[in-house]
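# Coordinate analysis (summary)
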Amino acid sequence: MKKGLIYQVIHNRRFTLFFTFIAILLGLYSYYVIPKQESPNVNAPFAIIKTIYPGAEPADVEKLVTKVIEDKTIEVTGYKTSTSYSRNSISIVVLELQNDADVDKAWTDLRRYMNDLQSSLPSECQKIEIDTELADTPGMILSLSGDEYSYEQLSDFADQYKNELSKVDGISRFKVSGVQEKEAQVEVNTARMNQYALSLEDIVNALKIQNVDIPAGSLSNGTTKINVSIPGSFDSLQDIENCVVSVSRNTGAILHLKDIAKVSWELADSTTRIRENGHNAILLSAFFSDNKNIVLIGHDVQTKLNQLKEQMPPGLEVYEVTYQPANVDQSVTNFFKNLLEGIALVLVVVFLGMGLKNAIVASTAVPISILIAFCAMYLFKIRVHEISIAALIISLGMLVDDAIVIIDSIQVQIDQGVEKMSACILGTKQAVLPVFTATLTTGAAFAPMLFVPGPAGEFLHALPEVVILAVAASFIVAIFVTPALAYIFLDQLKPGKIHKRSPVKSFYLGFLAIGMKYKKMTLVLAMALFALTMLLAFKLPVMFFPKADVNMFYINIHAETSADLDNTDRVAQQVEKLVSAQKEVLAYTISVGEGLPKFYLTVEKSSQSLDYAQVLLKVDLSKGGRFNSNQEMAVYMQALLDKSLVGGTARAELLEKAFPGTPIGIQVNSSDQQALTKGVNYIHDQLAAIPGTLNVDDDLDSAEYQFSVNVDNDKASQLGITKYDIERQINIALKGAEATIFRKAGNEYPVIVTSDIHSKEALENLAIKASLSEQKALLKQLATLRLEAAIPTIRKYDRELAVTVSSQVKPGYSAITIENNLKQILAQHPDELKGVTLSYKGEAKDIKDNFGDLGTAALFALLAIYLILMLQFRSFLQPFVIFITIPLSLFGVIIGLLTFGQPLSFTAMVGVVSLMGVVIKNAILLIEFINSARQGGMSVTDACFDAVGKRYRPIFLSAMTTVIGLVPLALSGSDLFEPLSVAIMCGLTVSTLLTLVIIPVIYSLWFSDGTLTTEKNNLTI
């Protein structure tokens, strides 16, 4: 016998086992050092472009800033859409890219365009801010609270924590939230100021030039050099009060600031108020370094936290609002528990289906393949998280498949009396081609999923990567390790065992006999089964991604009064009272005036807004015994909020697993504000009337009243008063202006000049000073003030006015069904929607976009598999016979999902695509042996019976190991992976039961007795 590679592997088995042991050690090391996290990183193809235009009303912001930016963003490579919000003093443009866009290049282009655009905006605009790190989430959020301490003291404690935790390797940066920013406020008495030749801008300039610190230089006489300093900066509030703001030209009388203004410490208007369980708090967010093992970082952080708590004074409460290392550790532990359970179940099946020694040899393939896969994951920088571990669980049964086929082939040779070395070589050579082809088809089934674009594809990217690496590792183990172990452990079976007929074999041969007798009827039944599958598929509820399976949800609060933080706080306190009364709530954190730091990957970032607050609730549903899911509790809380809340609205929101947003969204576009308002109100009412909707809302703002200052330009010009004079001095009076910086105890505080004007009459009596003539005139002498209605926020989508109507969905209802019902209602009343266009942005659109990408991936997978099979069998028709297994498996998928009450979700569709490569493996083995039997001279019918009789055991065992390996994942309670595992388990079970009958029947119908023209292919090993 030719001494090839397999001979060398077996002959030098000590070296083979030694290198296997090295691979095991490398796998264990790789697992230890691979970065671990809860979920995969997803680069959101969104950017937020924010521009501050102080004092500008929404219409001016939209015209002078937002529109200019929107017109430029369409030039960004990969541009898809833009959404804009123009509010008082601020412009926000959200840019979305195409799923297949080069994100890095697009963001580079965007920054360059915005830098070039800055000069085209009004000079008063601040620098354009661009945020592309929308998925950047803190690894830890700590709250520091205590009734005995002020916000300033809590802030100092947060700085101490930050300084100490920064010494931990793996923490990249920190952010402190809730600091009560102080400012030195100069409130000018305008009635007194009007008596002098002063304006508010003069006061701002006087403070600015009186608080300077210019290096004076030094005196030198040639031998010595002495520096000269001139103390000029403010050291106290008294220094600010004593600042000279005017000197009379006639009398020389000096006017100090304290003569016309009050100087005091105040909290800045932009201050955010944070409370932890009702107590004032400061939040410290820590961001962990990328490509580091978050669990190992967490151990160091926890050690440092314990040390810091011992050093802090009594009464200071430090609470972990979020702590990713613990979550990741728990998540990884749970998944590995499922993995180990799956391995144990797979081994049990193998031991039951094969002899003890055969089972020992086959079972070694599982742990060795997984550890080799860990080595590959380390090399390819694939992290350990829920998706990669789920991929390993999906691969479990497949990992032992190749070894089972090789062992079965070797055992047949040994039982036929072939010498053991020759049996191992011949058996391996005989099985290597179908095993290799099956490995290629599995890889081909999963590989196209690597190219599914967008966030959904990126979220699941590790699944096909890990499966392909794992099955490749199992092939290597089956070809090189399994023959060596088989040579050591396998012996010839006893004659009784060889000829013993198992019940499974009897069942299949009997079933096949009936099918071969009634071939056409069998084919008709198979087609009817496929038709029934298509009908039943329409009964399945459709879902994109489930909600996140975490022990928290949040509440967004909006106050009715948009410019009063105190009023928003009063509404927030009502919510706090309701939340704290619930037994299930373990802790809650609230932020008033701004959203909390990003506490979960899919939570949208929020900007500061005086009418906004956000509450994060950590819950334990077992405490109250009232709810079975977060969704049930959220619905209950929503009902309480709707019933009890006064002065605002609140929405209970569940955390999304993959995509933020509401399941139902209808965007209404129009260039006519009246038609837009009418259309939005009609759609809102119709949607709210459909059963199953919850929290129906729209972002159509009610008009708010504002005073419009209409200047008489002729009068103003006669006095030398410019438009700038009027706008600037009114801006300082109402909004305030930063004059200078006051430094105290190493801290910097802004000095803000404002006025005591709080009414229309007081504003009319503000004296405006001319910059050209230095004359003064009361505002009411130059302009009239009229009360007018105005939209507080101008919203646009793709540069056209747009408003969105949205809704949550109650448990037990489908967003797709509700949206279809709404479309039918709206189609019956077209007159109500004249002048507007509609586009649907909810779950249905996400499903259409992403299921389409997955469908394209499936088509490419089928093409790749066909080419592989065509090359193996040298036939155009035989691959189509093998493809019959796919519709057979679909029947099992649909029945399984219906039986177990699972939706047809995105992950279920991933399971269907994955199933193609798995079920085809069985048919490959069967067709290969039918062809071999025919080449040996058997008729088609005899070849079919012979192949089923010899191949039923590896086919049945391979399928059952895959199915049983997924049981822990199916029972894990994960809404993300249950549909996937059920789809694969049920599809593979039904396919295996039918494949051993339907495939031979169809084969015998398509191919008649005669010489088989395909050539026998062998891999030379």
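Our subject is the structure listed above.
This is a predicted model, so every value here is computed, not measured.

### As for the overall build of the protein
A tally of helices and strands in the protein yields 35 helices and 30 strands. Taking the principal axes of the C-alpha coordinates as reference, the protein spans close to 130 × 85 × 55 Å. When the 1021 residues of the protein are sorted by exposure, 52% land in the buried category. A separation of at least 24 residues holds for 80% of the contacts in the protein among residues at least 6 apart in sequence.

### A look at the nonpolar core
Tyr 161, Leu 165 and Leu 463 are the most contacted members of the largest nonpolar core, which has 185 residues in total. Once residues lying within four places of it in the same chain are set aside, the contact partners of Leu 165 are Met 140, Leu 142, Ile 171, Phe 174, Leu 284, Val 301, Lys 304, Leu 305 and Leu 308. Val 263, Ala 739, Val 753 and Leu 763 belong to the second-largest nonpolar core, a separate cluster that totals 41 residues.

### Section: the pairing of strand E9 (residues 225–228)
Bridge count between strand E8 (residues 217–220) and E9: four bridges; the pairing is antiparallel. If you follow Ser 218 over to E9, its bridge partner there is Asn 227.

### Some words on the packing of helix H23 (residues 673–688) against helix H28 (residues 815–827)
The N-to-C vectors of H23 and H28 enclose an angle of 130°; their axes lie 10 Å apart at closest approach. What the angle tells us is that H23 and H28 run oblique. The hand of the H23/H28 crossing is right-handed. In this structure, H23 contributes Tyr 682, Ile 683, Gln 686 and Leu 687 to the contact, and H28 contributes Ile 818, Leu 822, Ile 825 and Leu 826. Its residues assigned to classes, the contact of H23 with H28 comprises seven nonpolar, one polar and no charged.

### Details of helix H33 (residues 940–965)
Along its 26 residues, H33 runs 35 Å from first to last C-alpha, staying within 8% of the 38 Å computed at 1.5 Å per residue. The largest bend in H33 is about 55°, located at Arg 951, with the proline Pro 954 one to four residues further on.

### Describing the packing of aromatic side chains
If you walk through the whole model with that rule in mind, you get twelve aromatic pairs. Ring centres of Tyr 149 and Phe 157 lie 5.2 Å apart, and the angle between their planes is 90°; this geometry places the pair in the edge-to-face category. Each member of the pair Tyr 149 and Phe 157 is classed as buried. Ring centres 5.1 Å apart and planes at 45° place the aromatic pair Tyr 866 and Phe 880 in the tilted group. Residue Tyr 866 is located in helix H29 (residues 843–873), and its partner Phe 880 is located in helix H30 (residues 878–883); the two are separated by 14 residues in the primary sequence. On the accessibility criterion, Tyr 866 (15% relative accessible area) is buried.

### Digging into unusual backbone geometry
Of note in the backbone geometry, Asn 277 takes a positive phi value of approximately 55° without being a glycine. Mapped onto the fold, Asn 277 is located in the loop between strand E13 (273–276) and strand E14 (279–288). Backbone geometry places Asp 798, a non-glycine residue, at a positive phi of 50°.

### So, H29
With 31 residues, H29 extends 44 Å between its outermost C-alpha atoms, agreeing within 8% with the 45 Å of an ideal straight helix rising 1.5 Å per residue. Just past H29, the residue Arg 874 takes up positive phi, approximately 50°.

### Section: a nonpolar patch on the surface
Taken together, the side chains of Phe 15, Phe 18, Phe 19, Phe 21, Ile 22, Leu 25, Leu 26 and Leu 28 make up a nonpolar region of the molecular surface, amounting to roughly 810 Å² of accessible area. Inspection of the secondary structure puts Leu 26 in helix H2 (residues 13–33). The class for Leu 26 is partly exposed, based on a relative accessible area of 46%.

### Quick word on the packing of helix H11 (residues 324–353) against helix H12 (residues 356–363)
One can describe the packing of H11 onto H12 by two numbers: an axis separation of 8 Å at closest approach and a directional angle of 145°. Considering how the two elements wind past one another, H11 and H12 form a crossing that is right-handed. Note on element contacts: H12 touches H11 through Leu 356, Ala 359, Ile 360, Ala 362 and Ser 363, opposite Leu 347, Val 350 and Phe 351. Counted by class, the contact of H11 with H12 contains seven nonpolar, one polar and no charged residues.

### Points about the pattern of salt bridges
Enumeration according to the criterion identifies 28 salt bridges in this entry. Between Asp 202 and Lys 769 there is a salt bridge, and its shortest N-O distance comes to 2.7 Å. Pair noted here: Asp 202 is in helix H7 (residues 200–210) and Lys 769 is in strand E25 (residues 767–769), with a separation of 567 residues, a long-range link. Using a relative accessible area of 12% as the deciding quantity, one classes Lys 769 as buried.

### Re the environment of Pro 215
Locating Pro 215 in the fold gives a position in the loop between H7 and E8. The exposure class assigned to Pro 215 is exposed, which follows from its relative accessible area of 76%. With 127 residues separating them along the chain, Pro 215 and Gly 342 place their C-alpha atoms 74 Å apart.

### Observations regarding the environment of Phe 906
Counting through the fold element by element, Phe 906 comes out in helix H32 (residues 906–935). Of the residues examined, Phe 906 reaches a relative accessible area of 1% and is grouped as buried. Each C-alpha atom of the pair Phe 906 and Phe 544 lies 5.2 Å from the other, and the pair is 362 residues apart in sequence. Excluding residues within four positions of it along the chain, Phe 906 makes contact with Ala 456, Leu 460, Met 543, Phe 544, Phe 545, Asn 850, Phe 851 and Leu 854.

### Focus on the side chain of Glu 62
Take Glu 62: it is sitting in helix H3 (residues 58–73). Here the side chain of Glu 62 touches Lys 796 through a polar contact of 2.5 Å, side chain to side chain. Those residues within four positions of Glu 62 in sequence are excluded, and the remaining contacts are Lys 67, Ser 86, Ile 794 and Lys 796.

### Observations regarding the sheet that holds strand E23 (residues 737–744)
Hydrogen bonds along the backbone pair up the strands of a sheet, which may run parallel or antiparallel. Reading across from one edge, E12-E7-E24-E23 is the order of the four strands in this open sheet, with mixed pairing throughout. The sheet is open, and its two edges are formed by strand E12 (261–267) and E23, each paired on a single side. This sheet shows a mean twist of 30° between the axes of neighbouring strands, independent of strand direction. In terms of strand pairing, E23 meets strand E24 (residues 747–755) through seven bridges, oriented antiparallel. Looking at the pairing, Ile 741 lines up with Pro 750 of E24. Sitting on the sheet, helix H25 (residues 723–734) touches E23 and E24, and the angle it makes with E24 is about 115°.

The rules behind these values
Residues numbered from 1 in each chain as written. Predicted model: local features only at pLDDT ≥ 70, side-chain atom pairs only at ≥ 80, totals over all residues. Heavy atoms only, no water. Helix = DSSP H or I, 4+ residues; strand = E, 2+ residues; numbered from the N terminus. Buried < 20%, exposed > 50% of the residue type's maximum accessible area, 1.4 Å probe, protein only. Contact = heavy atoms within 4.5 Å. Core = buried A, V, L, I, M, F, W, Y, C linked by side-chain atoms within 4.5 Å. Pairing = 2+ DSSP bridges. Axes fitted to C-alpha atoms, helices over the stretch in contact; angles between N-to-C directions. Parallel < 35°, antiparallel > 145°, perpendicular 65-115°, else oblique. Left-handed = near helix turned anticlockwise from the far one by under 90°. Nonpolar A, V, L, I, M, F, W, Y, C, P; charged D, E, K, R; others polar. Expected span 1.5 Å × (residues − 1). Bend = angle between axes of the 7 residues up to and from the residue. Phe/Tyr/Trp six-rings, centres within 6.5 Å; stacked < 30°, edge-to-face > 60°. Patch = residues over 30% accessible without salt bridge, like charges linked within 9 Å, V, L, I, M, F, W, Y side chains within 5 Å. Areas by Shrake-Rupley, 256 points an atom, 1.4 Å probe, with all protein chains shown as cover. Salt bridge = Lys/Arg side-chain N within 4 Å of Asp/Glu carboxyl O. Polar contact = N/O pair within 3.5 Å; in protein donor to acceptor, adjacent residues only side chain to side chain.

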